[in-house]
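Tertiary structure, described
Chain by chain, the residues run as shown.
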Amino acid sequence: MKSGAVYIMANRKNGAIYTGSTSKLVQRVYQHREMTIEGFTKTHGCVKLVWFEVHEDLQEARLRELQIKRWKRSWKVRMIEEANPDWRDLWLEIQG
């Protein structure tokens with residue numbers, strides 16, 4: 001079983017947000033930060049990791065991602081702010 005993580009990237013506090021899931025959180029966040037991936041995060045400058053959640057099973061992480069993507073924006077903002085009220089970049093926290 002492969003572990004996984006759900007994460008939210010943002011360009012600034014209360015700015016554009018992107019929800020994703022991955023089996024390699026550090027590598028994936030690095031790709032967003034360096035803007036090597038075409039799409040929403042590059043277009044909107046979503047380079048700050050503002051929230052993440054680790055799961056033992058990658059499939060669980062993917063299901064959680066889909067659940068969060070269906071939420072209203074206000075619910076996502078509330079979830080971010082409960083864990084990270086200042087929308088700090090959590091990049092340093094995930095590097096081992």
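Here's what I pulled together on the structure shown here. If you're wondering where the values come from, they're calculated on a predicted model, not measured in any experiment.

Examining the packing of aromatic side chains
Aromatic ring pairs are described here by two measures, namely the spacing of the ring centres and the angle between the planes. The full count for this structure, using the stated rule, is 4 aromatic pairs. Every member of this aromatic cluster is reached through a ring pair, and the members are Tyr7, Tyr18 and Phe40.

Overview of the side chain of threonine 22
Relative to the helices and strands, threonine 22 resides in strand E2 (residues 17–22). According to the relative accessible area criterion, threonine 22 is buried, its value standing at 12%. Only 3.0 Å separates the side chain of threonine 22 from the backbone nitrogen of lysine 24, close enough to count as a polar contact. Threonine 22 has contacts with Gly4, Ala5, Tyr7, Arg28 and Leu58, leaving out every residue within four places of it along the chain.

So, the pattern of salt bridges
In this structure the tally under the stated criterion is 5 salt bridges. With a closest N to O distance of 2.8 Å, lysine 42 and glutamate 38 form a salt bridge. With a relative accessible area of 31%, lysine 42 lands in the partly exposed category. One salt bridge connects lysine 69 with glutamate 65, and the closest N-O pair in it is separated by 2.9 Å. Here the residue lysine 69 and the residue glutamate 65 both occupy positions in helix H3 (residues 58–70), the gap between them amounting to 4 residues, near one helical turn. We classify lysine 69 as partly exposed; its relative accessible area is 40%.

Thresholds, definitions, all that
Within each chain, residue numbers correspond to sequence positions counted from 1 in written order. Where local features are concerned, this predicted model is filtered to residues with pLDDT of at least 70; where side-chain atom pairs are given and counted, the filter is 80 or more; whole-chain, interface and lining totals use all residues. The basis for every side-chain value is the complete set of non-hydrogen atoms in the structure, without hydrogens or water. Pairing of aromatic rings covers Phe, Tyr and Trp, the last counted by its six-membered ring, and requires centre-to-centre distances within 6.5 Å; plane angles under 30 degrees mean stacked, over 60 mean edge-to-face, and any other angle means tilted. A run of H or I in DSSP counts as a helix once it spans at least four residues, and a run of E counts as a strand once it spans at least two, with each numbered from the N terminus. Relative accessibility decides the category of a residue: with a 1.4 Å probe and only protein chains considered, values under 20% of the type maximum give buried, values over 50% give exposed, and everything between is partly exposed. In the analysis that follows, any N or O atom pair within 3.5 Å is treated as a polar contact, provided that within protein one partner can donate a hydrogen and the other can accept it, and provided that, for residues neighboring in sequence, both atoms belong to side chains. In this analysis, two residues are considered to be in contact whenever any of their non-hydrogen atoms come within 4.5 Å of each other. Should a side-chain nitrogen of Lys or Arg be within 4 Å of a carboxyl oxygen of Asp or Glu, the pair is scored as a salt bridge.

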